[in-house]
Amino acid sequence: MGATSGLGLGLAEKYLQEGWSVGACGRNLDRLSELSARWPGKVIVRKIDITCANAADELLRLIEDMGGMDVYFHCSGVLPFNSSLDETKELMTVRTNVEGFTRMVSAAYRHFRDSNRAGKIIAITSIAGVRGVAQLASYCASKAYDSTYLEALRQMSVEQHLPLDIIDIRPGWIRTPLLAGDKRYFMEMTEEKAVNLIYKVAQRSRRGAIIGARWRLACALERIVPRCIWERLRLRQWE
């Protein structure tokens, strides 16, 4: 989900290179068609906007067209820098990263539950969910929600004895179209490197990981900073 650009497109191509059949979906049908043309017979595409009420039904139709699903991979999201707290941007973030995420991930979970089929639900969240950052209030909050939601589903899958891995992949800054222009970001990673690391985690892990050793250290440090100090920090590396 979200295979039209950035990590979603990169991961779709990575899975194809590794011999998988891929159901690629997103809002931009032209880009999906380009992907299908590069991999004839290996990709089934469908236009799906996760903010629309019928998106879950469209996912089920795609699964039917594919003849089943082994992995649901959610790579769809928005990243607004919004220190002005423009209402439109804040609500757009919630609509995509919270409402759309919930709609699609819960639909994937219900599919695996009802079919009692072993599989994986994998989602790209973010290290931004660790603490709130002034310029990214709605984004940080939405990613904290996503990680917590996945944790709850993991607990639910254990209670229901489902053969299901639910994997939370949390990268830091990655050079994708979500980032602004030629500006360089704190500990930025190339898209190619990130795709390869994410694919490895998706194949090996049952719960997920923070992508990159430096980001694992940074997140560990962020967690121990007292609130009274964190609230006074000016995080220029996030600007």
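Going by the structure above, here's the rest.
These lines cover the structure that appears in this document, whether it is placed above or below.

What counts and what doesn't
Residues numbered from 1 in each chain as written. Predicted model: local features only at pLDDT ≥ 70, side-chain atom pairs only at ≥ 80, totals over all residues. Heavy atoms only, no water. Salt bridge = Lys/Arg side-chain N within 4 Å of Asp/Glu carboxyl O. Helix = DSSP H or I, 4+ residues; strand = E, 2+ residues; numbered from the N terminus. Buried < 20%, exposed > 50% of the residue type's maximum accessible area, 1.4 Å probe, protein only. Pairing = 2+ DSSP bridges. Right-handed = clockwise from strand over helix to strand, strands pointing away. Core = buried A, V, L, I, M, F, W, Y, C linked by side-chain atoms within 4.5 Å. Contact = heavy atoms within 4.5 Å.

## Observations regarding the pattern of salt bridges
Taken as a whole and assessed by the stated rule, the structure comprises 11 salt bridges. A salt bridge links Arg-46 to Glu-58; the shortest N-O distance between them is 2.9 Å. Of this pair, Arg-46 sits in strand E2 (residues 43–47) while Glu-58 sits in helix H3 (residues 55–66), and the two are 12 residues apart along the sequence. One salt bridge connects Arg-113 with Asp-114, and the closest N-O pair in it is separated by 2.9 Å. Judged by its relative accessible area of 60%, Asp-114 falls in the exposed class. Look at the salt bridges and you will find they share partners, linking Arg-46, Glu-58, Arg-61 and Asp-65 into a network.

## Focus: the pairing of E2
Where strand E1 (residues 22–26) lies against E2, five bridges are found, and the strand directions are parallel. Paired with Gly-26 across the strands is Lys-47, a residue of E2. In terms of handedness, the path from E1 via helix H2 (residues 29–38) over to E2 forms a crossover that is right-handed.

## Looking at the nonpolar core
Core analysis: the largest hydrophobic core is formed by 26 residues, its most contacted members being Leu-7, Leu-11, Phe-73, Ile-124, Ile-169 and Ile-198. Those elements giving two or more residues to this core turn out to be helix H1 (6–17), E1, H2, strand E4 (119–124), strand E5 (164–170) and helix H6 (191–204). Per-element accounting of this core gives the leading share, six residues, to H6. When sequence neighbours within four positions are dropped, the list of residues in contact with Ile-169 reads Phe-73, Ile-122, Ala-123, Ile-124, Thr-125, Ser-126, Ile-198, Val-201, Ala-202, Ala-209 and Ile-211. Of all hydrophobic cores here, the second largest spans 25 residues; its members include Ile-48, Ala-55, Ile-121 and Leu-150.

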